[in-house]
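Remarks on the overall topology
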Amino acid sequence: MNDKASRHDVFLYYLKTDAEFQDPIGILTDSRGIPVELRDTNTINSDLLSNRFYLDSIVHFNRERIPERVVHAKGAGAFGYFEVTHNVSKYTKADVFNVIGKKTPLVARFSSLIQNLGGSDLARETRGFAVKMYTKEGNLDLLGANIPVFFFRDALLFPSFVHSFKRNPRTNLIDNNMRWDFLSLRPESIHAFLWLLSDYGIPNGYRHMNGYPTHTYVLNNKHGENYYVRFNFSTEQGIEHLSSEDAKEIQGRDLDYFRRDLYNSIENKKYPAWKLQMNVMTRDDIKQASFNPFDVTRQWPKWSYHTVPIGRMVLNKNPDNFFKSIEQVAFDPFSTVPGIPGPQDQLFKGRHLFYRDTANYRLGINHDKIDVNCPKYAKTYVRDGVAPVNENMGDAPNYFPNSYNGPMPFIDQDRSIERLLEYESSAADFQPAANFYNHYVAEEGHRKRLAKNAAETLATVTPPVLKRVLKLLTLIDNDLGKRVTIALPEARAENAKHR
């Protein structure tokens with residue numbers, strides 16, 4: 001194994017030193033605050049059902065789990081801040097970005113896409129990259145991944161895509177035949193999958209990967225002028241990736257390698273940081289583009305935009321309680337602020353619906369009132385429901401409009417009234433995948449490794465699906481199809497050894 005992989009192999013640090021554990025923090029109570037008598041901490045030879053401490057512990061224990069996320073279940077996170085380093089008021093009036101030196105608190109969560117809560121950090125799959133900034137104008141959530149393209153454009157495909165990458169309903173095993181069957185029937189998805197099969201597929205921990213918020217965002221300045229941008233977080237630690245062999249070796253001894261690395265770096269005060277930039281197109285650029293700038297399955301050609309630096313994100317505090325802060329954090333791509341009205345494509349609209357719905361299911365209708373999700377300022381007519389409700393807006397009116405000093409809406413005089421109408425094609429476009437193969441996987445060794453990784457996933461695929469996949473890979477690039485075909489016999493032989 002290489003030095004890059006081994007240098008992070010350290011034990012998790014304790015939050016406190018032994019010296020800080022000399023005295024108890026107080027008298028033990030049950031969850032209602034009633035003190036627990038020493039003899040009630042043992043139920044042997046006692047009246048079990050009269051023991052308040054026993055009942056409190058067991059009843060809570062049976063209910064202490066909440067539903068895990070359907071995707072991005074396993075992750076890690078930390079708190080930090082965003083600092084503005086460049087004036088971008090030309091592009092957006094968003095308060096969070098418009099004063100050089102301004103620091104905004106935030107929480108970031110990184111995750112694997114498919115793994116369950118107890119899964120491996122080392123799988124070859126997409127990594128989630130989500131940031132929540134607590135701005136004066138509300139929470140700004142930027143959600144994306146460690147690769148710059150998404151798998152599809154149609155929000156209806158989310159359930160089927162996830163199901164195909166999860167477990168076979170009969171065997172309950174990961175099934176590559178399911179994956180390739182779906183991908184080959186939705187060829188626009190193959191571009192993103194090629195990223196995962198390439199050397200970019202397994203980053204060397206969360207600190208060494210970039211983040212690409214999904215979608216093309218609309219921004220507006222104080223004059224009501226619109227700009228179209230793709231944000232990107234660029235790691236200051238340097239991009240690093242693991243080979244399949246290194247990943248397998250680390251996985252054999254540490255399934256939490258990514259989580260451990262992030263935690264330890266912050267505890268050692270080696271605070272990870274990322275630069276936030278945006279690739280910008282004007283309204284005229286958008287209208288004259290020879291490609292669809294809102295298509296999340298493709299990258300923008302480098303000649304079509306200019307890049308503008310904004311600031312940097314620094315993570316400098318681990319959560320004191322992982323469940324409270326990271327397991328309960330809820331992100332919503334629709335959580336945007338004045339000056340950043342957000343994307344306008346159909347996939348974005350679909351994501352807004354199911355991100356909010358899944359948070360309601362997992363955490364409850366008042367999930368925005370959980371500490372980690374609370375905005376700095378909120379005055380609302382949304383009341384009641386399952387706790388937490390916090391102050392529940394006290395005695396303010398619970399209806400709008402009203403004549404009794406309830407919160408009132410503001411008028412955004414800079415909000416643009418112009419909207420671009422976007423028409424999307426459902427046809428598969430292989431050009432983005434071909435560009436990736438010819439520009440990002442141009443080196444001979446890289447192409448061999450991609451073909452080997454692809455062949456390993458195809459070793460157990462049924463003949464009809466395999467034939468379709470190889471045809472599509474050849475259509476993307478003849479060299480790609482040939483290499484995967486040549487690599488298949490060895491992958492099948494290797495797979496047979498382990499069956």
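Let us look at the structure shown here.

Our focus in this paragraph is the side chain of arginine 230. Within the secondary structure layout, arginine 230 lies in strand E7 (residues 226–235). The buried charged residue arginine 230 lacks any salt bridge, with aspartate 295 as its nearest oppositely charged partner at 6.2 Å. At a separation of 2.8 Å, a polar atom in the side chain of arginine 230 contacts the main-chain carbonyl oxygen of aspartate 295. A distance of 2.8 Å separates a polar side-chain atom of arginine 230 from the backbone oxygen of arginine 298. Once you skip the residues sitting within four places of it in the chain, arginine 230 turns out to touch His215, Thr216, Gln277, Met278, Asn279, Pro293, Phe294, Asp295, Val296, Arg298, Gln299 and Trp300.

A separate point is the pattern of salt bridges. The final tally for this structure, using the stated rule, is 29 salt bridges. Here glutamate 188 ties to arginine 186 by a salt bridge, and the two come within 3.1 Å at their closest N and O atoms. Of the residues examined, glutamate 188 reaches a relative accessible area of 7% and is grouped as buried. Through salt bridges with shared partners, one network takes in Glu444, Arg447, Asp479 and Arg483.

Applying the stated criterion to the full structure yields 34 aromatic pairs. When the centroid spacing of 5.5 Å and the interplanar angle of 25 degrees are considered together, the rings of phenylalanine 110 and tyrosine 206 count as stacked. One end of the pair, phenylalanine 110, is in strand E2 (residues 103–112); the other, tyrosine 206, is in the loop between helix H5 (190–197) and strand E5 (212–213), and 96 residues separate them in sequence. Accessibility expressed as a relative area gives 0% for phenylalanine 110, which makes it buried. Looking at tyrosine 206, the relative accessible area reads 1%, which means it is buried. The interplanar angle of 65 degrees and the centroid separation of 6.1 Å between the aromatic rings of phenylalanine 151 and phenylalanine 165 together place this pair among those described as edge-to-face. Here phenylalanine 151, found in the loop between strand E4 (138–145) and helix H3 (158–165), pairs with phenylalanine 165, found in helix H3; they are 14 residues apart in sequence, far enough to count as distant. On the basis of relative accessibility, which here comes to 3%, the residue phenylalanine 151 falls in the buried class.

Turning our eyes to something else, we now look at the side chain of lysine 166. On the secondary structure map, lysine 166 appears in the loop between H3 and helix H4 (176–185). Buried charge lysine 166 goes without a salt bridge, the closest partner of opposite sign being glutamate 68 at 5.2 Å. Beyond its immediate chain neighbours, meaning those up to four positions away, lysine 166 contacts Val70, Ile114, Gln115, Asn116, Leu173, Ile174 and Asp175.

A surface patch of nonpolar side chains, amounting to about 270 Å² of accessible area, comprises Leu48, Leu49 and Leu55. Among the structural elements, leucine 48 can be located in the loop between helix H1 (3–6) and helix H2 (52–61). We classify leucine 48 as partly exposed; its relative accessible area is 32%.

Moving on to the nonpolar core. In this structure, Trp180 and Leu194 are the most contacted members of the largest nonpolar core, which totals 48 residues. Put simply, the parts of the chain that give this core at least two residues each are H3, H4, H5, helix H11 (431–439), helix H12 (444–458), helix H13 (463–476) and helix H14 (478–497). With near-sequence residues (within four places) excluded, leucine 194 lies in contact with Ala433, Phe436, Leu450, Leu473, Ile476 and Leu480. Phe110, Ile202, Leu219 and Tyr257 belong to the second largest nonpolar core, which has 44 residues in total.

Here we take up unusual backbone geometry. The residue after alanine 387, namely proline 388, is reached through a cis peptide bond having omega 10 degrees. Looking at where proline 388 falls in the secondary structure, it is placed in the loop between helix H10 (346–363) and H11. Following phenylalanine 400, the chain continues to proline 401 via a peptide bond in cis, the omega torsion being 0 degrees. Inspection of the secondary structure assignment puts proline 401 in the loop between H10 and H11. Within the chain, asparagine 45 stands out as a residue other than glycine whose phi angle is a positive 55 degrees. At asparagine 390, a residue that is not glycine, the phi angle is positive and equals roughly 55 degrees. For asparagine 390, a relative accessible area of 44% translates into the label partly exposed.

Basis of the calculations
Per chain, residues are indexed from 1 in the order of the written sequence. In view of the model being predicted, local features appear only for residues whose pLDDT reaches at least 70, and side-chain atom pairs are presented and counted only at 80 or more, with totals across whole chains, interfaces and linings using the full set of residues. As a convention, hydrogens and water are excluded, and side-chain values are obtained from all of the structure's heavy atoms. Numbering goes from the N terminus for both helices and strands, where a helix is a DSSP run of H or I of at least four residues and a strand is a run of E of at least two. Type-normalised accessible area, obtained with a 1.4 Å probe on protein chains alone, sets the label of each residue: buried when under 20%, exposed when over 50%, and partly exposed for intermediate values. Within this scheme the basic residues Lys and Arg register as positive and the acidic residues Asp and Glu register as negative, but His and the chain ends are omitted. For this analysis, a salt bridge means a side-chain nitrogen from Lys or Arg found within 4 Å of a carboxyl oxygen belonging to Asp or Glu. Whenever two N or O atoms come within 3.5 Å, that pair is a polar contact, provided that in protein one can donate a hydrogen and the other can accept it, and provided that, for residues adjacent in sequence, both atoms are side-chain atoms. Whether two residues touch is decided by their heavy atoms; if any such pair falls within 4.5 Å, the residues are in contact. Think of it this way: a Phe, Tyr or Trp ring, Trp meaning its six-membered ring, pairs with another when their centres are within 6.5 Å, and the plane angle makes it stacked under 30 degrees, edge-to-face over 60, tilted otherwise. Within the patch definition used here, like charges are joined within 9 Å and nonpolar side chains (Val, Leu, Ile, Met, Phe, Trp, Tyr) within 5 Å, considering only residues with over 30% relative accessible area and no salt bridge. All accessible-area figures derive from a Shrake-Rupley calculation using a 1.4 Å probe, and residue coverage is judged against the displayed protein chains alone. Here the nonpolar core consists of buried residues drawn from Ala, Val, Leu, Ile, Met, Phe, Trp, Tyr and Cys, with membership extended through side-chain atoms lying within 4.5 Å.

In short, the description is geometric, and any link to function would need to be established separately.
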